[in-house]
Number of protein chains: 2
Amino acid sequence: MTNKPTIAILGGTGSEGTGLALRWAKNGYDVIIGSRKEEKALAVTSELNEILGEELIRGMENGAAAREADINVLTVVATAHETALIGLKDDLQGKILVDATARIKFPNPKPPEPPSAARLAQDLLGEGVPVVAAFQNIPASALKDLDKELDSDVLVCADKKEDADQVADLIRGAGMNAYYVGDLDLAITLEGLTAVLVYLNKFNDIKHASIKIVG
Amino acid sequence: MTNKPTIAILGGTGSEGTGLALRWAKNGYDVIIGSRKEEKALAVTSELNEILGEELIRGMENGAAAREADINVLTVVATAHETALIGLKDDLQGKILVDATARIKFPNPKPPEPPSAARLAQDLLGEGVPVVAAFQNIPASALKDLDKELDSDVLVCADKKEDADQVADLIRGAGMNAYYVGDLDLAITLEGLTAVLVYLNKFNDIKHASIKIVG
């Protein structure tokens, strides 16, 4: 592990995962895009490196990516959340898993019922994998526009604050503010907030609504 | 009903209610502070009018205040929510009720379980009283500091957008931005956000955290 940890973004070929990958790679982190199929990961990675103008990001099958990384970030689609966790349980042991999942259904999302996706992940993975919830409320489109400064803040949940602190460092490393807001049960509100942001866009003529902390 | 409606703030002697009363009175609204006991309402009202330097706010017993108002705002403590609604059901008929309730317990709040307090209020009051959820995430302390511009935004839920629009006008009239974010089921997330804001203050060296919409 060099100064900056290696970050694997599992199920990372979607817009949220690739957006985060670009931000971290641009800021000097070693980034791996993971996918169920290695060739998908490689194809997406090659597009991202083209955007960056350098071969900064690697592509791997999810399990290999998880084993190679110092810290893992899960950005699978919500419907694949449980299956992905079961399949990757062994590969994830001993490292923090950042869970970005917000289980909302389009086009008319409702706040999901407790427990939070991150609490479900923690229960499923066991104490060998400290789960940290983050990125539920960051519009993927904003991440991918590398020339744009991000003005939205990232709320972070974890049962242990020291795990959240490690992830907060990574978030700041990607150019965003991070705020610890409590244990994984609080993450149900971050998921609900994703639904709120959908309606904020819909009803208020906003394109990519997100939140900033003031006070 | 003049141009600006008469607003009754029921259970309005606490810090949230009095803060809202000051903001509205200062901006030319006719404001009534309601309380279970008329003398309590009158005592608090007299303090508020002293701050304003004018006899702008009236004090009444909750039921009388509700009947006199064009629009009612409920700021009772969370534990009194259901009892207050049952007691005031008849007095509230035919007018919008703005419900500011967030059912969180100090000092270690958890996000409450659905249904939202505002949905419970709507079910209890019936369709003669359109319920609108708002103000869950506005720090009372910020409201009372009249020299301070409010930089926090108000998220508004209602089953009918036209009801939310009326309340959004009042919110803007008190100097804040208002955003409609969907039906009363979404308000569970506004309540959870109140818990999140408690931890934001606690863990991040912030005094009166609230949120602003960006994007």
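Each remark here, short or long, concerns the structure printed above.
As a convention, each chain's residues are numbered from 1 in the sequence order in which they are written. Think of it this way: whatever chain is written first is A, whatever ligand is written first is 1, and the rest follow in order. Local features in a predicted model are, by the rule used here, given only for residues with pLDDT of at least 70; side-chain atom pairs are given and counted only at 80 or more, and totals for whole chains, interfaces and linings are based on all residues. To get the side-chain values, take all heavy atoms of the structure and skip hydrogens and water.

1. Things to note about the overall build of chain A
Part 1: The way it works is that DSSP assigns letters per residue, a run of H or I at least four long becomes a helix, a run of E at least two long becomes a strand, and they are numbered from the N terminus. When its secondary structure is counted, chain A shows eight helices and nine strands.
Part 2: Each radius of gyration reported is based on C-alpha atoms, and the globular scaling rule is 2.2 Å times the count of residues to the power 0.38. Taken over C-alpha atoms, the radius of gyration comes to 16 Å for chain A, in line with the 17 Å a tight globule of 215 residues would show.
Part 3: Expressed as lengths along the three principal axes of its C-alpha atoms, the size of chain A is roughly 40 × 40 × 30 Å.
Part 4: The buried share among the 215 residues of chain A stands at 60%.
Part 5: The contact rule is simple, with two residues in contact once any of their heavy atoms fall within 4.5 Å. Taking as baseline every contact in chain A between residues at least 6 positions apart, the subset at least 24 positions apart corresponds to 72%.
Part 6: His is not counted, nor are the chain ends, whereas Lys and Arg count as positive and Asp and Glu as negative. Throughout, a charge is located at the NZ atom of Lys, the CZ atom of Arg, the CG atom of Asp or the CD atom of Glu. With 22 positive and 32 negative side-chain charges, chain A shows a spacing of 4 Å between the two charge centroids. Only protein chains enter the accessibility calculation, which uses a 1.4 Å probe; a residue whose area is less than 20% of its type maximum is buried, one above 50% is exposed, and one in between is partly exposed.

2. A few points about the sheet that holds strand 6 (residues 131-133) of chain A
Residue and element names in this part refer to chain A.
Part 1: Note: two strands are recorded as paired if DSSP finds a minimum of 2 bridges between them. The sheet built from eight strands is open, its strands ordered 3-2-1-4-5-6-7-8 with mixed pairing. Of all strands in the sheet, those bounded by a partner on one side alone are strand 3 (57-61) and strand 8 (178-180). Along the sheet, successive strands turn relative to each other by an average axial angle of 25°, direction set aside.
Part 2: Here strand 1 (residues 6-10) pairs with strand 4 (residues 71-74) via four bridges, running parallel. Note that in strand 4 the partner of Ala-8 across the bridge is Asn-72. All axes here are fitted lines through C-alpha atoms, helices being fitted over the stretch that makes contact, and every angle between N-to-C directions spans 0 to 180 degrees.

3. Remarks on the packing of helix 1 (residues 15-26) of chain A against helix 2 (residues 38-52) of chain A
Residues and elements named next belong to chain A.
Part 1: Two elements in contact, helix 1 and helix 2, have axes whose closest approach is 11 Å; the angle formed by their N-to-C orientations is 45°. In terms of axis orientation, helix 1 runs oblique to helix 2. At the point where helix 1 passes helix 2, the crossing takes the right-handed sense. For the pair formed by helix 1 and helix 2, the contact residues are Thr-18, Ala-21, Leu-22, Ala-25 and Lys-26 on the first element and Val-44, Leu-48, Ile-51 and Leu-52 on the second.
Part 2: Residues were grouped as follows: Ala, Val, Leu, Ile, Met, Phe, Trp, Tyr, Cys and Pro as nonpolar; Asp, Glu, Lys and Arg as charged; and all remaining residues, including Gly, as polar. Of the residues in the contact of helix 1 with helix 2, the class split is seven nonpolar, one polar and one charged. When an angle is under 35 degrees it counts as roughly parallel; over 145 it counts as roughly antiparallel; between 65 and 115 it counts as roughly perpendicular; any other value is oblique. A clockwise turn of the near helix away from the far one marks a right-handed crossing, whereas an anticlockwise turn of less than a right angle marks a left-handed crossing.

4. Considering the side chain of Asn-49 of chain B
Part 1: Residue position: Asn-49 of chain B is located in helix 2 (residues 38-52).
Part 2: For Asn-49 of chain B, a relative accessible area of 3% gives the class buried.

5. With respect to the pattern of salt bridges
Part 1: In the sections that follow, a salt bridge refers to a side-chain nitrogen of Lys or Arg positioned within 4 Å of a carboxyl oxygen of Asp or Glu. Taken as a whole and assessed by the stated rule, the structure comprises 22 salt bridges over all chains.
Part 2: Between Asp-183 of chain A and Lys-110 of chain B there is a salt bridge; the shortest N-O distance is 2.8 Å. Linking Asp-183 of chain A in the loop between strand 8 and helix 8 (187-204) with Lys-110 of chain B in the loop between strand 5 (97-99) and helix 5 (117-125), this pair reaches from one chain into another.
Part 3: Of the residues examined, Lys-110 of chain B reaches a relative accessible area of 39% and is grouped as partly exposed.
Part 4: Note that Arg-67 of chain B and Asp-91 of chain B form a salt bridge whose closest N and O atoms lie 2.7 Å from each other. Pair noted here: Arg-67 of chain B is in helix 3 (residues 62-68) and Asp-91 of chain B is in helix 4 (residues 81-92), with a separation of 24 residues, a long-range link.
Part 5: You can call Arg-67 of chain B exposed: its relative accessible area is 51%.
Part 6: Residue classification places Asp-91 of chain B among the buried positions, given a relative accessible area of 18%.
Part 7: Connected through salt bridges with shared partners, the residues Lys-110 of chain A together with Arg-119, Asp-159, Asp-183 and Asp-185 of chain B form a single ionic network.

6. Quick look at the pairing of strand 3 of chain A
All names here are of chain A.
Part 1: Pairing geometry for strand 2 (residues 30-35) and strand 3, over five bridges, is parallel. Residue pairing for strand 3: Gly-34 is matched across the bridge by Met-60.
Part 2: Here is how to tell: hold the view so the strands point away, follow the path from the first strand over the helix to the second, and if it runs clockwise the crossover is right-handed. The parallel pair strand 2 and strand 3, bridged by helix 2, forms a crossover whose chirality is right-handed.

7. A look at the relation of the copies chain A and chain B
Part 1: Copy-to-copy superposition: least squares on the C-alpha atoms, limited to residues that have pLDDT of at least 70 in both copies. Once turned by 180° and shifted 0.0 Å along the axis, chain A lies on chain B with an RMSD of 0.0 Å. Put plainly, the chains are arranged around a two-fold axis.
Part 2: The fraction of interface residues of chain A whose copies in chain B are also interface residues reaches 100%, indicating that both copies meet through the same surface.

8. Points about the pairing of strand 4 (residues 71-74) of chain B
Part 1: Where burial is concerned, the two faces of strand 4 of chain B agree: the one with Ile-71 and Val-73 of chain B and the one with Asn-72 and Leu-74 of chain B are both buried.
Part 2: Crossover connection from strand 4 of chain B via helix 4 of chain B to parallel strand 5 of chain B: handedness right-handed.

9. So, the packing of aromatic side chains
Part 1: Only Phe, Tyr and Trp rings are paired, with Trp represented by its six-membered ring, and only when their centres lie within 6.5 Å; those with planes under 30 degrees apart are stacked, over 60 edge-to-face, the remainder tilted. Across all of its chains, the model carries six aromatic pairs over all chains by this definition.
Part 2: Relative to Phe-203 of chain B, the ring of Tyr-199 of chain B lies with its centre 5.9 Å away and its plane at 10°, an arrangement referred to as stacked. Of this pair, Tyr-199 of chain B and Phe-203 of chain B both sit in helix 8 (residues 187-204), four residues apart, which is roughly one turn of the helix.
Part 3: Residue class for Tyr-199 of chain B comes out buried when judged on its relative accessible area of 7%.
Part 4: Members of the aromatic cluster, joined through ring pairs, are Tyr-180 of chain A together with Tyr-199 and Phe-203 of chain B.
Part 5: The ring of Tyr-29 of chain A has Lys-4 of chain A sitting right over it, with the charged end atom 4.9 Å from the ring centre. Either the NZ atom of lysine or the CZ atom of arginine qualifies as a charge over a ring when it sits within 6 Å of the ring centre and within 35 degrees of the ring normal.

10. Section: the interface of chain A and chain B
Part 1: With 35 residues of chain A in contact, the opposing surface of chain B contributes 35 residues.
Part 2: Seen at the junction of chain A and chain B, the total is four salt bridges.
Part 3: Pairs of N or O atoms within 3.5 Å make up the polar contacts considered here, provided that, within protein, one atom can donate a hydrogen while the other can accept it, and that residues adjacent in sequence are counted only when both atoms are side-chain atoms. Scanning the region where chain A abuts chain B turns up nine residue pairs in polar contact (both at pLDDT 80 or more).
Part 4: Of all the elements in the fold, those that place two or more residues in the side of chain A that touches chain B are strand 8, helix 8 and strand 9 (210-214) of chain A.
Part 5: Here the residues of the side of chain A that touches chain B sort into 20 nonpolar, eight polar and seven charged.
Part 6: Where strand 9 of chain A and strand 9 (residues 210-214) of chain B come together, five bridges link them in antiparallel fashion. The partner of Lys-212 of chain A across the bridge, within strand 9 of chain B, is Lys-212 of chain B.

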